[in-house]
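Structure at a glance
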Amino acid sequence: MSNAQIEIQLILSLVAVACALPGVFLVLRKMALISDAISHSILPGIVVGFFITHDLASPLLILMATLTGVLTVVLVEYIQKTGLVKEDTAIGLVFPSLFSLGVILIARNAGDVHLDVDAVLLGEVAFAPFDRWMYNGMDMGPKSLWMMGGILTMTITLLSLFYKELKVATFDAGLAASLGFAPMAIHYGLMTVSSVTTVGAFDAIGAILVVAFMIVPAACVYLLTNNLKKLLIFSSLLGIFASISGYWLAHAMDTSIAGTIATVLGLIFFLVYLFAPNRGYISQWYKEKQQKTEVALLVFLLHLANHEDEMERNSNHLQEHINWSHQLARKVLKLANQNNMIEIENEIISLTPKGLEFTEQAISYITDNKNSELEGIKQNYFLFRG
Amino acid sequence: MEQKIAISIDDLTVAYNYKPVLWDIDLQIPEGVLMAIVGPNGAGKSTLLKSVLDIIKPLAGSVTVYGKPYKKQRHLVAYVPQKGSVDWDFPTTALDVVMMGTYGALGWIKRPGQAQKKQALEALEKVGMLPFQNRQISQLSGGQQQRIFLARALVQNAAIYFMDEPFQGVDATTEKAIIQILKELRKAGKTVIVVHHDLQTVPEYFDWVTFLNVKKIATGPVAQIFNDDNLTKTYGINYKTSIVE
Ligand SMILES: Nc1ncnc2c1ncn2[C@@H]1O[C@H](COP(=O)(O)OP(=O)(O)OP(=O)(O)O)[C@@H](O)[C@H]1O
Ligand SMILES: [Mg+2]
């Protein structure tokens, strides 16, 4: 590995973590769209800052662009507060306006500035190692490395100081307010950190990848864990993993680094979405199917409990009486049998004492609807387990 | 004997998007009552609680807690929000949610430690949820979630408790358990204010009641003012036949 390669991977990893941490809270607050809005609407701030300073890494530019990011949030909330449009509409109104303002500014001054929209949106991390910070003639390393290192340090410091406040304000803003934790201040703090991170990262990796780094790792790990700390740690690790694997993949295929990383992130999300143990698509689908069979089982048992008449309980006639497909009827019969809820004698099906007890409890659940513990009943009878 | 006033609300008007939902409310809540706030959906019950607790800024009027503004008296007040107001898929456990009740006493930046954990465990025990302490909160039933919220308020160890529909979606057993705890709080001299929907149980559970529908209709002892007249004024339909003894 060359020095430049190591530096690129370091920068990418720093950006990944710096984005993942605020990203977790954006996802939990259902504000993923806001990061997209910020990443676009900082453009006019960047352009104006660049006119003044002619340096993409200057603190003044970062400050101005960050302010534009926070301004986006303020405008969105202001429009939303009028009650005339919903939040997503408000976002859709604000950021294209600000973004196009930036595009116009660039177009009008194309001769004076080395800045184009593509570079802002896509970035080019391969060039990051060439923009170096010289201090007293000494080479201190790439500017982006320092910038992202600084931003990440700030984020981690704030997060460890205000972890508890951020958690309670995100989970229950009402309680946070009543306890005096100023959820609005925390909200704007989070927005400012997100803006600073976006601004600091866009030069190296582009605005699109910033959004991917903020949202995708958090959204993936959210499907896998029930613990906020783990969510923060594993989102960061996932971001680093996608950065490094994406980098080498892009290297091998000789293609855009940012694009490849974003694709890797997308693929990872797709896999997690399908296969996550509890909240994944397949497991949800399986659960739904189980529930359908459970309901069918209950209907079947109720039928048995309701009919003394042996004719009604003859296995040959049951199918037409309940009017089920052969397949479903067999599945339900098998399930009931496996759970020792029925016994079959001379083709006559009757409930066992266990089956009767289960049916009675289920009926009382359905009729008075007071007992919120159907899950408990199911567990007591080991449906689908024995 | 002159009773001390726990909460005093004067000329309170609250609006969302300039549409008033609470209009010129005057309300004195005496110390030590177990009070129900009743009124139809959208009457502004939750809004009233939120404006007392400084969660929303009123358009006009003022609220005092034992004679001082709420901001100075936070430590005296605990709050149970309406259950639907939070995201139960949030990645956290029952114990952790109850611990949040200790954050107020901790103040900014300081982290909860063993002492806070002990308080939280005691509160979980009190509401019968100790075995569920490490459950992820989305895997609790509606009644269990409500008990967790109650435990979180108990941990705040306050003088005044505000609860927004604590009986929503709970079964008869949980309802009995919760009301038992509320009655114990009152016995300990605390003031408990509950937004309540089941009119049948008002006389049995509460000793004080406030009728609210945008305006305050009436407030006072259940024995004196919980009658058809006030119910009709509040709900707009004749209650003579609806409430059966
Ligand atoms: N954030 C909000 N923005 C705009 N309007 C709101 C908001 N919250 C509440 N409202 C409106 O204010 C009115 C009072 O709401 P509130 O939640 O206080 O009623 P409530 O008495 O608690 O009703 P419920 O019994 O349904 O809980 C309603 O008309 C509601 O639509
Ligand atoms: Mg309400």
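Only a predicted model underlies this, so the values are computations on that prediction, with no experimental measurement involved.

Focus on the pairing of strand S9 (residues 208-213) of chain B
Residue and element names in this part refer to chain B. Burial analysis of S9 places five of its six residues in the buried class, the great majority of the element. Pairing geometry for strand S3 (residues 34-38) and S9, over four bridges, is parallel. Residue pairing across strands places Ala 36 opposite Val 209, the latter belonging to S9. In the sheet, S9 pairs with strand S10 (residues 215-221) via six bridges, with the strands oriented antiparallel. Its bridge partner being in S10, Trp 208 is matched across the sheet by Pro 221.

Description of the sheet that holds strand S4 (residues 60-65) of chain B
Residues and elements named next belong to chain B. One open sheet holds the four strands; their spatial order is S2-S1-S4-S5, and the pairing between them is antiparallel. Taken across any chain shown, the strands that pair with only one partner, and hence form the sheet edges, are strand S2 (19-30) and strand S5 (68-69). Note that S4 and S5 share two bridges and pair antiparallel. When the sheet's bridge partners are listed, Thr 64 is paired in S5 with Pro 69.

Notes on the site of ligand 1
Residues and elements named next belong to chain B. Close to ligand 1 lie 14 residues, the nearest being Gly 42, Gly 44, Lys 45, Ser 46 and Thr 47. With respect to ligand 1, the backbone of Ala 43 contributes an N or O atom lying 3.1 Å from an oxygen atom. Separating an oxygen atom of ligand 1 from a side-chain N or O atom of Ser 46 is a distance of 2.7 Å. In isolation ligand 1 exposes 640 Å². Once the protein is present, 62% of that is buried. Put simply, the parts of the chain that give the shell around ligand 1 at least two residues each are S2 and helix H1 (45-52). Here the element with the most residues in the shell around ligand 1 is H1; it accounts for three residues. Its residues placed into classes, the shell around ligand 1 shows four nonpolar, seven polar and three charged.

Side note on the coordination of the magnesium ion (ligand 2)
Residue and element names in this part refer to chain B. Within the first shell, the magnesium ion (ligand 2) binds the protein through Ser 46 (OG) and Gln 82 (OE1), at distances of 1.9 to 2.5 Å. Of this pair, Ser 46 sits in helix H1 while Gln 82 sits in the loop between strand S6 (77-80) and helix H3 (94-99); the two residues are 36 residues apart in sequence, bridging distant segments of the chain. A relative accessible area of 18% means that Ser 46 is categorised as buried. The partly exposed category is assigned to Gln 82, whose relative accessible area is 24%.

Some points on the confidence of the model for chain A
A residue-level look at chain A finds 93% of positions with pLDDT of 70 or above and a mean pLDDT of 87. Across chain A, element-level confidence peaks in helix H11 (residues 228-253) of chain A with a mean pLDDT of 97 and bottoms out in helix H17 (residues 374-380) of chain A with 57.

Quick look at the sheet that holds S3(B)
Residue and element names in this part refer to chain B. The mixed open sheet is built from six strands, whose spatial order is S6-S7-S8-S3-S9-S10. Strand pairing shows two members of the sheet lacking a second neighbour, S6 and S10, which therefore form its edges. Across this sheet, the average inter-strand angle for adjacent strands is 15°, counted without regard to direction. In this structure, S6 lies alongside strand S7 (residues 160-164), joined through four bridges in parallel fashion. Its bridge partner lying in S7, Val 77 is registered against Ile 160. Taken strand by strand, helix H6 (residues 142-155) contacts S6 and S7, and its axis lies near 170° from that of S6.

What about the interface of chain B and chain A?
Taken together, the contact between chain B and chain A spans 37 residues of the former and 36 residues of the latter. In terms of surface lost to chain A, no three residues of chain B exceed Phe90(B), Pro91(B) and Trp108(B), which account for 23% of the buried area on that side. Here chain B and chain A share three salt bridges between them. Among the ionic pairs, Asp172(A) bridges to Arg152(B), the shortest N-O distance being 2.8 Å. Applying the counting rule to chain B against chain A returns 13 residue pairs in polar contact (both at pLDDT 80 or more). Elements represented by at least two residues in the side of chain B that touches chain A include exactly H3, helix H4 (103-106) and H6 of chain B. When the residues that make up the side of chain B that touches chain A are grouped by side-chain class, the tally is 18 nonpolar, ten polar and nine charged.

What to know about the nonpolar core
Counting residues in hydrophobic clusters, the biggest one holds 148 residues, and the most contacted among them are Ile205(A), Phe213(A), Tyr161(B), Phe167(B), Leu182(B), Phe206(B) and Val209(B). The element contributing the most residues to this core is helix H1 (residues 3-28) of chain A, with 15 residues. Setting aside chain neighbours within four positions, we find Val209(B) in contact with Met35(B), Ala36(B), Val38(B), Val202(B), Ala218(B), Thr219(B), Gly220(B), Val222(B), Ile225(B) and Phe226(B). Counting 29 residues, the second-largest nonpolar core is a separate cluster that includes Leu27(B), Ile56(B), Ala159(B) and Trp208(B).

Topic: the domain arrangement of chain A
The domain architecture assigned to chain A consists of domain 1 (3-214) and domain 2 (282-381). The C-alpha centroid of domain 2 of chain A is placed 56 Å from the C-alpha centroid of domain 1 of chain A.

Some words on the packing of helix H5 (residues 114-126) of chain B against H6(B)
Residues and elements named next belong to chain B. At a minimum axis distance of 9 Å, the contact between H5 and H6 shows a crossing angle of 130°. Put simply, H5 runs oblique to H6. Judged by the twist between their axes, the crossing of H5 over H6 is right-handed. For the pair H5 and H6, the contacting residues are Gln 119, Ala 120, Ala 123, Leu 124 and Lys 126 in the first and Ile 148, Ala 151, Leu 154 and Val 155 in the second. Looking at side-chain class alone, the contact of H5 with H6 contains seven nonpolar, one polar and one charged residues.

Focus: unusual backbone geometry
Among all residues save glycine, negative phi is the norm, and among peptide bonds the norm is trans. The backbone of Ala182(A) shows a phi angle near 40°, a positive value even though the residue is not glycine. Tracing the chain through its elements places Ala182(A) in the loop between helix H8 (173-178) and helix H9 (183-205). On the basis of relative accessible area, Ala182(A) is assigned to the partly exposed category, the value being 32%. Unusually for a residue other than glycine, Tyr66(B) sits at a positive phi of about 45°. Looking at where Tyr66(B) falls in the secondary structure, it is placed in the loop between S4 and S5. Judged by its relative accessible area of 22%, Tyr66(B) falls in the partly exposed class.

Comments concerning the side chain of Ser39(A)
All names here are of chain A. One can find Ser 39 in helix H2 (residues 32-41). Since its relative accessible area comes to 2%, Ser 39 is described here as buried. A distance of 2.7 Å separates a polar atom in the side chain of Ser 39 from the backbone oxygen of Asp 36.

Remarks on the confidence of the model for chain B
Taken over all residues, the pLDDT of chain B has a mean of 92, while the share at 70 or more is 96%. Interface confidence for the predicted complex, expressed as ipTM, amounts to 0.92; the pTM equals 0.88.

Cut-offs and rules
- Residues numbered from 1 in each chain as written.
- Chains lettered and ligands numbered in written order.
- Predicted model: local features only at pLDDT ≥ 70, side-chain atom pairs only at ≥ 80, totals over all residues.
- Heavy atoms only, no water.
- Buried < 20%, exposed > 50% of the residue type's maximum accessible area, 1.4 Å probe, protein only.
- Helix = DSSP H or I, 4+ residues; strand = E, 2+ residues; numbered from the N terminus.
- Pairing = 2+ DSSP bridges.
- Near = heavy atom within 4 Å.
- Polar contact = N/O pair within 3.5 Å; in protein donor to acceptor, adjacent residues only side chain to side chain.
- Areas by Shrake-Rupley, 256 points an atom, 1.4 Å probe, with all protein chains shown as cover.
- Nonpolar A, V, L, I, M, F, W, Y, C, P; charged D, E, K, R; others polar.
- Donors = N, O, S within 2.8 Å, 3.2 Å for Na, K, Ca; no water.
- pLDDT = per-residue confidence, 0-100.
- Axes fitted to C-alpha atoms, helices over the stretch in contact; angles between N-to-C directions.
- Contact = heavy atoms within 4.5 Å.
- Buried area = accessible area lost by both parts, 1.4 Å probe.
- Salt bridge = Lys/Arg side-chain N within 4 Å of Asp/Glu carboxyl O.
- Core = buried A, V, L, I, M, F, W, Y, C linked by side-chain atoms within 4.5 Å.
- Domains from an automatic or database assignment.
- Parallel < 35°, antiparallel > 145°, perpendicular 65-115°, else oblique.
- Left-handed = near helix turned anticlockwise from the far one by under 90°.

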